[in-house]
Amino acid sequence: MVERLDAARLAQAVHDLPAWRLENGDGADMLVRVFSFADFSAAFGFMARVALAAEKAGHHPDWSNSYNKVTVRLSTHDAGGISTRDIDLAQAIDAIAG
Ligand code: H2B
C-alpha cells in the first residue's frame, strides 16, 4: 500500500511541479493541471498517450475533456491523497505534453 506524502514532501513536490496546483476535494489533496491544445484532435491524442503511460504505471488520472482542453486531477485513491505515484505520473504527463 502506497503512503500519502507528508506535508514537507508534498510542499517540495508542488514546488517541483510549478504547472500543477494543489486542490482539496472532499477532504483529499489532488494535483490539478489544465492543458490546452489547438483542437479536439490534439487534445484526444494527448489523452491517448497519457492513457498508455497510466496503464503501464498502473496509476490513472481523474480527468475531463472539453473540446481542446483536458483537465487532469491526480491523487491516489487508495491512500486518500497524493503519493509518489502522482508525482511520477505528473512528471510523465508533463513530458508527454512537451
Ligand atoms: N489510480 C489512482 N489514481 N489511484 C489509485 O489508488 C489507483 C489507481 N489504484 N489505479 C490502482 C489503479 C489499483 O486499484 C490497482 C489494483 O493497482
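Every value quoted in this text rests on a predicted model; they were computed, and no experiment measured them.

Calculation rules
- Residues numbered from 1 in each chain as written.
- Predicted model: local features only at pLDDT ≥ 70, side-chain atom pairs only at ≥ 80, totals over all residues.
- Heavy atoms only, no water.
- Patch = residues over 30% accessible without salt bridge, like charges linked within 9 Å, V, L, I, M, F, W, Y side chains within 5 Å.
- Areas by Shrake-Rupley, 256 points an atom, 1.4 Å probe, with all protein chains shown as cover.
- Salt bridge = Lys/Arg side-chain N within 4 Å of Asp/Glu carboxyl O.
- Helix = DSSP H or I, 4+ residues; strand = E, 2+ residues; numbered from the N terminus.
- Phe/Tyr/Trp six-rings, centres within 6.5 Å; stacked < 30°, edge-to-face > 60°.
- Buried < 20%, exposed > 50% of the residue type's maximum accessible area, 1.4 Å probe, protein only.
- Pairing = 2+ DSSP bridges.
- Expected span 1.5 Å × (residues − 1).
- Arc of directions from axis to C-beta.
- Near = heavy atom within 4 Å.
- Polar contact = N/O pair within 3.5 Å; in protein donor to acceptor, adjacent residues only side chain to side chain.

Caption draft 1: Layout of a nonpolar patch on the surface. A surface patch of nonpolar side chains, amounting to about 340 Å² of accessible area, comprises Phe 40, Phe 44 and Tyr 67. Relative to the helices and strands, Tyr 67 resides in the loop between β3 (62–66) and β4 (69–74).

Caption draft 2: Here's a closer look at the packing of aromatic side chains. Under the criterion given, the structure shown has four aromatic pairs. Arranged with centres 6.0 Å apart and planes meeting at 75°, the rings of Trp 20 and Phe 35 form a pair that is edge-to-face. Taken as a pair, Trp 20 in the loop between α1 (7–16) and β1 (21–25) and Phe 35 in strand β2 (residues 28–36) lie far apart in primary sequence, 15 residues in all. With respect to class, Trp 20 is no different from Phe 35; both count as buried. By the ring-pair criterion, three or more aromatic residues cluster together here, those being Trp 20, Phe 35, Phe 37 and Phe 46.

Caption draft 3: Representation of the pairing of β4. Relative to β4, β2 runs antiparallel, the two being bridged by six bridges. Following the sheet pairing, Val 34 is matched in β4 by Thr 71. The pairing of β3 with β4 spans five bridges and is classified as antiparallel. The residue bridging Ser 64 from the neighbouring strand is Thr 71, located in β4. Taking the residues between adjacent antiparallel strands as the criterion, β3 and β4 are bridged by two residues, where Tyr 67 takes a positive phi near 50°.

Caption draft 4: Representation of helix α3 (residues 84–97) within the structure. Relative to the 20 Å expected for 14 residues at 1.5 Å per residue, α3 spans 20 Å between its end C-alpha atoms, a close match to the ideal helical length. Within α3, the full set of buried residues consists of Asp 86, Ile 87, Leu 89, Ala 90 and Ile 93. Angular distribution of buried residues about the axis of α3 spans 165°; they occupy a single face of the element.

Caption draft 5: Focus on the site of the ligand. Around the ligand lies a shell formed by Gly 58, His 59, His 60, Ser 75, Thr 76, His 77 and Asp 78. One nitrogen or oxygen atom from the main chain of Ser 75 is found 2.8 Å from a nitrogen atom belonging to the ligand. Take His 77: an N or O atom from its main chain is 3.2 Å from an oxygen atom of the ligand. Computed on the free molecule, the ligand has an accessible area of 390 Å², of which 63% lies beneath the protein chains in the complex.

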